[in-house]
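# Overview (structure and organization)
This is what each chain is made of:
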Amino acid sequence: QVQLGESGGGLVQAGGSLRLSCAASGSIFSINSMGWYRQAPGKQCDVVAFITSGGRTDYADSVKGRFTISRDNAKNTMYLQMNSLKPEDTAVYYCNVRVPSPVGGMDYWGKGTLVTVSS
C-alpha cells in the first residue's frame, strides 16, 4: 500500500545541522497530516513536528526555533531541517503519514533514521 522511507540521519557534532527526508510511495490520495517522531534510547516515542494538509505546522517545545518541517508535494517528500542540534536530539527519527479513515485517521510509518549528536 503505502511505504515511507527516511534518510538523512547520521552523526553530527552539537551545534551542527542535518536535513531528514521522508519519501512516500504507493497509493496516497489524501493526507490529513505528515509528521516526524523520534525515540531516544530507553525513551518513549514523541512527536517532533507535523504539518497538515492545509500547511499548518506545529513543533515540540524542545525543537521550536531550531527545526523546520516542510514538504514537496511534487516529489512526495517531507523534510525536517534540524539546526543547532543538541545531544538531547539523539534519537531514531520516524516519518509518519496520516490518511483519512472512517474512524478519523490511519497512520503509516517509516522504519526510522538514526540521528546522533555528539557533545
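In case you missed it, the structure is sitting above this.
To keep things clear, this report deals only with the structure shown in the data block. (Residues numbered from 1 in each chain as written. Predicted model: local features only at pLDDT ≥ 70, side-chain atom pairs only at ≥ 80, totals over all residues. Heavy atoms only, no water.)

The tally for this structure, following the rule as stated, stands at 1 disulfide. With its sulfur 1.9 Å from that of its partner, C22 forms a disulfide with C95. Here C22 and C95 share a disulfide; its torsion about the S-S bond, -75 degrees, makes the bridge left-handed. Taken together, the residues span a long stretch of sequence, with C22 in strand β3 (residues 18–26) and C95 in strand β9 (residues 91–99) at a distance of 73 residues. On the basis of relative accessible area, C95 is assigned to the buried category, the value being 0%. Here C45 stays free of any disulfide, with the sulfur of C95 as its closest cysteine sulfur at 12 Å. (Disulfide = S-S within 2.5 Å. Helix = DSSP H or I, 4+ residues; strand = E, 2+ residues; numbered from the N terminus. Buried < 20%, exposed > 50% of the residue type's maximum accessible area, 1.4 Å probe, protein only.)

In the structure shown here, the tally under the stated rule is 1 aromatic pair. Aromatic side chains Y37 and W109 sit 4.9 Å apart centroid to centroid with 65 degrees between the ring planes, which places their arrangement in the edge-to-face category. Of this pair, Y37 sits in strand β4 (residues 33–39) while W109 sits in strand β10 (residues 106–109), placing them 72 residues apart in sequence. Over the face of the ring belonging to Y79 we find R19, whose NZ or CZ atom lies 4.0 Å from the ring centre. (Phe/Tyr/Trp six-rings, centres within 6.5 Å; stacked < 30°, edge-to-face > 60°. Lys NZ or Arg CZ within 6 Å of the ring centre and 35° of its normal.)

The subject of this paragraph is the sheet that holds β3. Judged by pairing direction, the sheet is antiparallel, and its 4 strands sit side by side in the order β1-β3-β8-β7 without closing on themselves. Two strands lie at the open edges of the sheet, namely β1 (2–7) and β7 (67–72), each paired on one side alone. Within this sheet the neighbouring strands show an average axis-to-axis angle of 15 degrees, counted without direction. Judged from the 6 bridges that link them, β3 and strand β8 (residues 77–82) form a sheet pairing that is antiparallel. Within β8, the position partnered with A23 by the bridge is T77. (Pairing = 2+ DSSP bridges. Axes fitted to C-alpha atoms, helices over the stretch in contact; angles between N-to-C directions.)

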